[in-house]
Amino acid sequence: MSWKSLLPTSKQNFLQFHAHFVATGLSNHSIPLRHLLSSAALHGGPDYAITILAHFSHGPTTFLSNTIISIFASQNHPVCYSWYVYSSLLYRHCLLPNSYSYPSLLKSLSTSEDWNFHARCIHTHIVKFLGGIGDRFVGASLVSFYGRRGMIKACRYLFDEMLDPDLPTWNSLLAAYLRAGGGERDETFFFHYDDECRSNSLGLFRDMLLRGLAPDEMTFVAVLGVCGDVGALSQGMWAHGYILRHSNKVVLNQYVRSALIQMYGKSGRLDLAVEVFDEMKTRDTPCYNAMISCLAVHGNGHCAIGLYEIMKLNGTKVDESTMISVLSACSHAVLVEEGRRCFEEMTTILNIEPKIEHYCCLIDLLGRAGKVRDAIDIFRQVPMKPTAIMYRSLLSSCRIHGESELEMDGDVVKKLMELDPDHAGNYVMVSNMYANGEEWDSVKKIRTAMREMGVRKSPGISSIEIDGFVYEFSTGYAEPYVEEISRSLITR
DNA sequence: ATAGGGTTAG
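Residues numbered from 1 in each chain as written. Chains lettered and ligands numbered in written order. Predicted model: local features only at pLDDT ≥ 70, side-chain atom pairs only at ≥ 80, totals over all residues. Heavy atoms only, no water.

- An unreviewed UniProt entry lists chain A under the name Pentatricopeptide repeat-containing protein, with Zostera marina given as the organism.

See the structure below:
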C-alpha cells in the first residue's frame, strides 16, 4: 500500500519515483503501473505520460501502449495522443496491436469529428490485425463507435452480422438509435433520418427482453432517452417500475436517475422529474443539467437560474452543458438580462470558453426577445464559422419581429441553403418570409427548388399520451381530442 | 495484466 502514498503529483518528482518504481519491481505489476501512468497523465499531461512510457527499460510493449491509451480515453484527452501511441506501436516499434488495443482507441476516436480519415481506416486495421470482429469487446466498441458517429446503417449492419450479441453490444446499438436524432450524411454510408428510427428502438428493446437478456443500467439510460424523445410516458414509467422491481439487478445510479429526470421532463411530467431529483442524496453535474434543461423546456426560467446558482454555491462543477441549459432556459422565458449575465459569468468567473452552441443560444435569446440588432452584433463577433442553426435562428427572429431590411438579406438565405440544403424547415421558413413580403415570385421559386431537391417537410407534430394511446396533433388537426386539448391549454 | 455506457440549443 505504501507506494500509493508515494505517487507523484508534479512533473518534478516523476522520474525519481519512476526509478524507485523500477528498482523495487513494482513496474512488473499492472495495478501500480496503471496508477503511475494515470497520475502522470493527470498531473503532467498526456505528453508527459508518453515520456514516462518511453523510459521503461524494455521499451513500450503492446500491453503498456494499451494501458496508456485506455488512460487517455478515460481522462478524455484529445484523440491525437491515443492515436500517437497507437501509431508508434505499429510503425515505430513494429509491434502488433491486440484486441485490448481497440476499445479505448475507438472511444477516443468517436469523440472528435476532425479525425474522419483515421476513423475510416480503423475498421480496416481491425480486420487486418485481428483477422475480423470476432472479439466481443472489439465488436461492441465498433458498434458503439459507428453509433456515436451517427452511422446507423454501418452500426446496424455490424450488429446483424454478429451471431450472439451480448448485453453491451445491445446497449451500444440502443444508444446509437437514441442518438440518431439529427440524421447524418457520410461519404460511405448514406443515412437519412426517419421517424421510424426511434420507435424502432423501443421494439429493439422488446426483442432484447424476448431473447432473455437482462437489461442493466446502461440499457435503461438509452431506453429512457428514447421514451423521452417520443413522449412515450407509459413505457418510461414502465421502465421506472422495472428498475424498482429489479433493484437487486439494476441500480438507480446517477446515470439512470438523470435519464429518468430527462424522460419525465420531456414527457410533460415536471412534477415526477422533480420528485426523482429530490430523492437523490448526491447529485452530480449531469443530474443538475438534466433538471435545469427540464425546467428550461417547461419555461420555468427563474427556477433554472436558481438551480444554477445553487450549483455554484454547493461546489458542483458547472460545465458547458450546464451553460447551454441555463441559456436556453433564459431564452424560453425571455430573461434577456439574466441570460447576458450568465454568458458573462461563464467566461469571467467560471472560465468556460464559449463554444459555438453557446453563441447560438445567446443569439437565439436576443432574437426571440426582439433585440434583433444585438443578436446580429453578437453574430458578427462569433469567432467561429457560423452554422446553419445560427442563420436559421437569426432569420426566424427577423421574421417574427419584422426587421424587414435584414430579413430580405439574400446573402443570409443563400448561405443557409448552402450549409444545410436538406433541411426542409429552411425552405418553409424562407418561403414564409417571402410570403410575408408578398414576393410571390420568390415564393414560387422556393417551392420549385424544394420539389427539385426532393426535400419534403414533414409536418410539425406534437403528441400526447392518453390512457396508453399516443395522439398526434398539428396545426388544425387533432382528432379526436382537439377540443379537450385546446381547452386544457387555455385553462392552464 | 490492458477493454465497451449519460445530456443540451434550433
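**Here we look at the packing of aromatic side chains**
And then number 1: Throughout the structure, instances matching the rule amount to 13 aromatic pairs.
And then number 2: Measuring from centroid to centroid gives 5.6 Å for Tyr86 and Tyr102, while their planes differ by 65 degrees, and the two rings are edge-to-face. Here Tyr86, found in helix α6 (residues 79-92), pairs with Tyr102, found in helix α7 (residues 102-110); they are 16 residues apart in sequence, far enough to count as distant.
And then number 3: The class for Tyr86 is buried, based on a relative accessible area of 0%. (Phe/Tyr/Trp six-rings, centres within 6.5 Å; stacked < 30°, edge-to-face > 60°. Helix = DSSP H or I, 4+ residues; strand = E, 2+ residues; numbered from the N terminus. Buried < 20%, exposed > 50% of the residue type's maximum accessible area, 1.4 Å probe, protein only.)

**Here's the deal with the packing of helix α15 (residues 254-266) against helix α16 (residues 270-279)**
And then number 1: Axis separation between α15 and α16 bottoms out at 7 Å; the angle between their running directions is 160 degrees. In this view, α15 runs roughly antiparallel relative to α16, as classed from their interaxial angle. Every pair of crossing elements has a handedness; the one defined by α15 and α16 is left-handed. Where α15 abuts α16, its residues Arg257, Leu260, Ile261, Tyr264 and Gly265 lie against Leu270, Leu272, Ala273, Val276, Phe277 and Glu279.
And then number 2: Looking at the contact of α15 with α16, its residues break down into eight nonpolar, one polar and two charged. (Axes fitted to C-alpha atoms, helices over the stretch in contact; angles between N-to-C directions. Parallel < 35°, antiparallel > 145°, perpendicular 65-115°, else oblique. Left-handed = near helix turned anticlockwise from the far one by under 90°. Contact = heavy atoms within 4.5 Å. Nonpolar A, V, L, I, M, F, W, Y, C, P; charged D, E, K, R; others polar.)

**As for the protein's contact with DNA strand B**
And then number 1: Near DNA strand B, the surroundings consist of 39 residues, among which Phe63, Phe137, Arg179, Met218 and Arg368 are the closest.
And then number 2: Between Tyr255 and DNA strand B, the recorded distance is 3.5 Å, taken from a side-chain N or O atom to a base nitrogen.
And then number 3: Between Ser258 and DNA strand B, the recorded distance is 3.0 Å, taken from a side-chain N or O atom to a base nitrogen.
And then number 4: A breakdown of the residues in the surface near DNA strand B according to their chemical character gives 12 nonpolar, 14 polar and 13 charged. (Near = heavy atom within 4 Å. Polar contact = N/O pair within 3.5 Å; in protein donor to acceptor, adjacent residues only side chain to side chain.)

**Description of the packing of helix α18 (residues 301-314) against helix α19 (residues 320-332)**
And then number 1: Look at α18 against α19: their axes get within 8 Å of each other, and the N-to-C directions meet at 150 degrees. One way to sum up the angle between α18 and α19 is to call them roughly antiparallel. Two packed elements cross with a definite hand, and for α18 against α19 that hand is left-handed. Residue-level contacts link Gly301, Ala304, Ile305, Tyr308 and Met311 of α18 to Thr322, Met323, Val326, Ala329 and Cys330 of α19.

**Digging into the side chain of Ser397**
And then number 1: With respect to the helices, strands and loops of the structure, Ser397 is situated in helix α23 (residues 388-401).
And then number 2: The exposure class assigned to Ser397 is buried, which follows from its relative accessible area of 4%.
And then number 3: Residue contacts for Ser397: discarding those within four places in its chain leaves Gly367, Arg368 and Val372.

**Thoughts on the UniProt feature "repeat: PPR" (unreviewed entry) in chain A**
And then number 1: Here, the residues flagged by UniProt with the feature "repeat: PPR" (unreviewed entry) are residues 253-287.
And then number 2: Spanning residues 253-287, this segment combines 74% helix with 0% strand, and its end C-alpha atoms are found 11 Å apart. (UniProt positions renumbered as here; feature names shortened; annotations may be inferred.)

**Comments concerning α15**
Because each turn of an α-helix spans 3.6 residues, side chains separated by three or four positions end up pointing in the same direction.
And then number 1: Here α15 contains 13 residues, and its C-alpha end-to-end distance of 18 Å stays within 8% of the 18 Å for a straight helix at 1.5 Å per residue.
And then number 2: Where α15 begins, the capping side chain belongs to Asn253, and its oxygen is found 3.2 Å from the backbone nitrogen of Tyr255.
And then number 3: Phi for Gly268, located one or two positions after α15, is positive at around 85 degrees. (Expected span 1.5 Å × (residues − 1).)

**Some points on unusual backbone geometry**
And then number 1: One non-glycine residue, Asn76, lies in positive phi territory at about 60 degrees.
And then number 2: Locating Asn76 in the fold gives a position in the loop between α5 (62-74) and α6.
And then number 3: The phi dihedral of Asn351 is positive, around 60 degrees, even though this residue is not glycine.
And then number 4: Mapped onto the secondary structure, Asn351 falls in the loop between α20 (336-348) and α21 (356-368).
And then number 5: Note on Asn351: relative accessible area 67%, which makes it exposed.

**Topic: the side chain of His240**
And then number 1: As for its position among the elements, His240 is in helix α14 (residues 233-245).
And then number 2: Relative accessible area serves as the criterion here: at 15%, His240 is assigned to the buried category.
And then number 3: Setting aside residues up to four positions removed in sequence, His240 forms contacts with Leu260, Tyr264 and Val276.

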